[in-house]
Amino acid sequence: MSSAASAAEPAAECDLAVVGGGILGLAVARELLRRRPGARLQVLEGEAGIGRHQTGHSSGVVHAGIYYEPGSLKARLCVEGARELYAYCDEMGIPYERPGKLVVAVEESELAGLDELERRGLANGVPGLRRLAAAEIAAVEPNARGAAALHSPATGIVDFLAVAESYAADVRRAGGAVVLGARVGGAVASPGGIAIRHARGTTTAAAAVFCAGLWSDRLAVACGAPADPRIVPFRGGYLRLPPAAARLVRANVYPVPDPGLPFLGAHLTRNLAGEVLVGPSALIAPARDAYALRRVRARDLGETLAWPGTWRLAAHHWRAGARELRHGLSRRAFVDEAARMVPALRGVRAAAAPAGIRAQALGRDGRLLDDFVVDRTERAIHVRNAPSPAATSALPLARLIADQLDALG
Ligand SMILES: Cc1cc2nc3c(=O)[nH]c(=O)nc-3n(C[C@H](O)[C@H](O)[C@H](O)COP(=O)(O)OP(=O)(O)OC[C@H]3O[C@@H](n4cnc5c(N)ncnc54)[C@H](O)[C@@H]3O)c2cc1C
């Protein structure tokens, strides 16, 4: 959908405002209009188009729900979200594939980690999850090698930007407006409503939901929420395999992740265009929009460095940090990391592909928040942590957020 097709004027007053036109903000807007048909709703998006940040820079994997601690929001909403997302794509004619995924324990020392993933996946109700012995791996992924693996046939691939555009179209059909170029600077709540100041004026709503991804902490704090947690931007760099090497990978191949970090490790994913990407890496970035490696923003960097959690995190995870830095500096080292799982990739020369930046909440105590986190201030709900698999989980996560808004009264 072109920006022109979505050009809408900001209203001075409305019933509901959603700040952020990523997949989550749009799913929330859609859900709010389903609950309150005829409500005057405005999505206020800062960029000239929707989905220009995390939503448009993801791996495009419809996660099946393997990794998440049973009982967590992620565990529940991922399994539910994947099922609903496939049904939505079927209904709307949005292309997707379900090629499945393999999580490979390359060495015996990784088997305990694989056991834990199997336990979690089964507890979470991941459909069709199956343990493979070393000799069974090649039947699923002919060039992968390991001591054992988990196979998830329900894992899929989709273009999340196409899904977000479809949610935006649903919003417009239901009478809502998606206003672009409306970067929000702050908001003030009063008994009369919440006045949201943005680049195109001020919009006063009865209530608002903030789904601002990489900038969510700043907006929450501006509305009176606590400073903890802070968003720290983690740059995820990708490499694209040349076509001959891409043919060595049938579907999605992941390592057993570091249990102390909420990232999944450098994986191999096949997208709908048939390309195979290696990535994403996970390096703290010097700007919240550091898509170009050299982009540094003094405010972003200053806030990250001034946050006590950053230093505690660095002290705990310096080894992982050093490994990620090596992957950031050397394409060869990055490809060789993926070649642990698919040895035929060793030495393959890969090209740089567009990077994404994760909005990852980091506590003052140095803890990377794993689960989805939603906060509230007067007349507003704030999404404070919605990292992967929030794109997969957007439909049920939007219901949970709408429930919280209903509870505001
Ligand atoms: C590298 C990478 C790989 C990922 N892979 C996957 C995956 O395979 N599967 C999966 O399920 N998830 C994945 N994710 C996670 C997923 O992309 C996010 O969880 C999801 O996109 C979050 O959606 P969002 O709408 O909250 O955030 P975003 O898409 O970042 O949207 C936030 C929006 O808010 C707007 N905004 C911010 N500040 C303001 C302001 N002040 N005023 C107005 N607008 C503002 C931004 O412009 C943006 O459009 C990945 C993420 C990354 C970065």
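This text follows the structure it describes.
These lines cover the structure that appears in this document, whether it is placed above or below. Numbering of residues starts from 1 in each chain and follows the order in which that chain's sequence is written. At least 70 in pLDDT is required for a residue's local features to be given in this predicted model, at least 80 for side-chain atom pairs to be given and counted, and no such filter applies to totals for whole chains, interfaces and linings, which use all residues. Hydrogens and water molecules were not included; the side-chain quantities draw on all heavy atoms of the structure.

Structural notes on helix α1 (residues 23-35)
Secondary structure counts use DSSP, requiring at least four H or I residues in a row for a helix and at least two E residues in a row for a strand, with both numbered from the N terminus. Expected span of a helix: the number of residues minus one, times 1.5 Å. The terminal C-alpha atoms of α1, which comprises 13 residues, lie 18 Å apart, in line with the 18 Å expected from a rise of 1.5 Å per residue. In terms of residue burial, α1 counts as a mostly covered element, since 11 of its 13 residues are buried. Accessibility here uses a 1.4 Å probe with only protein chains present; expressed as a share of the type maximum, an area under 20% marks a residue as buried, one over 50% as exposed, and anything in between as partly exposed. All of the buried residues in α1 are I23, L24, G25, L26, A27, V28, A29, R30, E31, L32 and L33.

Topic: the site of the ligand
Any residue with a non-hydrogen atom lying within 4 Å of a molecule or strand is treated as near it. For the ligand, the set of nearby residues contains 39 residues, the closest of which are E45, T55, V184, A386 and T392. Polar contact criterion, stated in full: a pair of N or O atoms within 3.5 Å, where within protein one must be able to donate a hydrogen and the other to accept it, and residues adjacent in sequence count only if both atoms are side-chain atoms. Take T55: an N or O atom from its side chain is 2.5 Å from an oxygen atom of the ligand. Within the side chain of T392, an N or O atom sits 2.8 Å from an oxygen atom of the ligand. Only the protein chains shown count as covering a residue, and every accessible area follows the Shrake-Rupley method with a 1.4 Å probe. Taken by itself the ligand offers 1000 Å² of open surface, and the protein chains cover 98% of this. Going through the elements one at a time, α1 and β18 (351-362) are the ones with two or more residues in the shell around the ligand.

Here we look at helix α12 (residues 394-408)
The end-to-end C-alpha separation of α12 is 21 Å, in line with the 21 Å expected for 15 residues at 1.5 Å each. Looking at the residues trailing α12, positive phi occurs at G409, about 85°.

What to know about the side chain of D170
Mapped onto the fold, D170 is located in helix α5 (residues 160-173). Within polar-contact distance, the side chain of D170 engages the side chain of R173 at 2.5 Å. Whether two residues touch is decided by their heavy atoms; if any such pair falls within 4.5 Å, the residues are in contact. What D170 contacts, discounting residues up to four positions off in sequence, is R30, Y88 and M92.

Digging into the packing of α1 against α5
Convention adopted: a line fitted to C-alpha atoms gives each axis, helices being fitted over their contacting stretch, and angles between N-to-C directions are expressed from 0 to 180 degrees. The interhelical angle for the contact between α1 and α5, taken along N-to-C directions, is 30°, at an axis separation of 9 Å. Viewed along their axes, α1 and α5 adopt a mutual orientation that is roughly parallel. Crossing of α1 over α5 shows left-handed handedness. Of the residues in α5, those touching α1 at I23, L26, A27, A29, R30 and L33 are F160, V163, A164, Y167, A168, D170 and V171. When an angle is under 35 degrees it counts as roughly parallel; over 145 it counts as roughly antiparallel; between 65 and 115 it counts as roughly perpendicular; any other value is oblique. Here a crossing is called left-handed whenever its near helix is offset anticlockwise from the far helix by less than a right angle, and right-handed whenever the offset is clockwise.

As for the environment of E116
With respect to the helices and strands, the residue E116 is situated in helix α3 (residues 111-124). We classify E116 as partly exposed; its relative accessible area is 28%. Placed 47 residues apart in sequence, E116 and E69 show a C-alpha to C-alpha distance of 9.7 Å. Within the local environment of E116, its side chain forms a polar contact with the side chain of R120, the two groups lying 2.9 Å apart.

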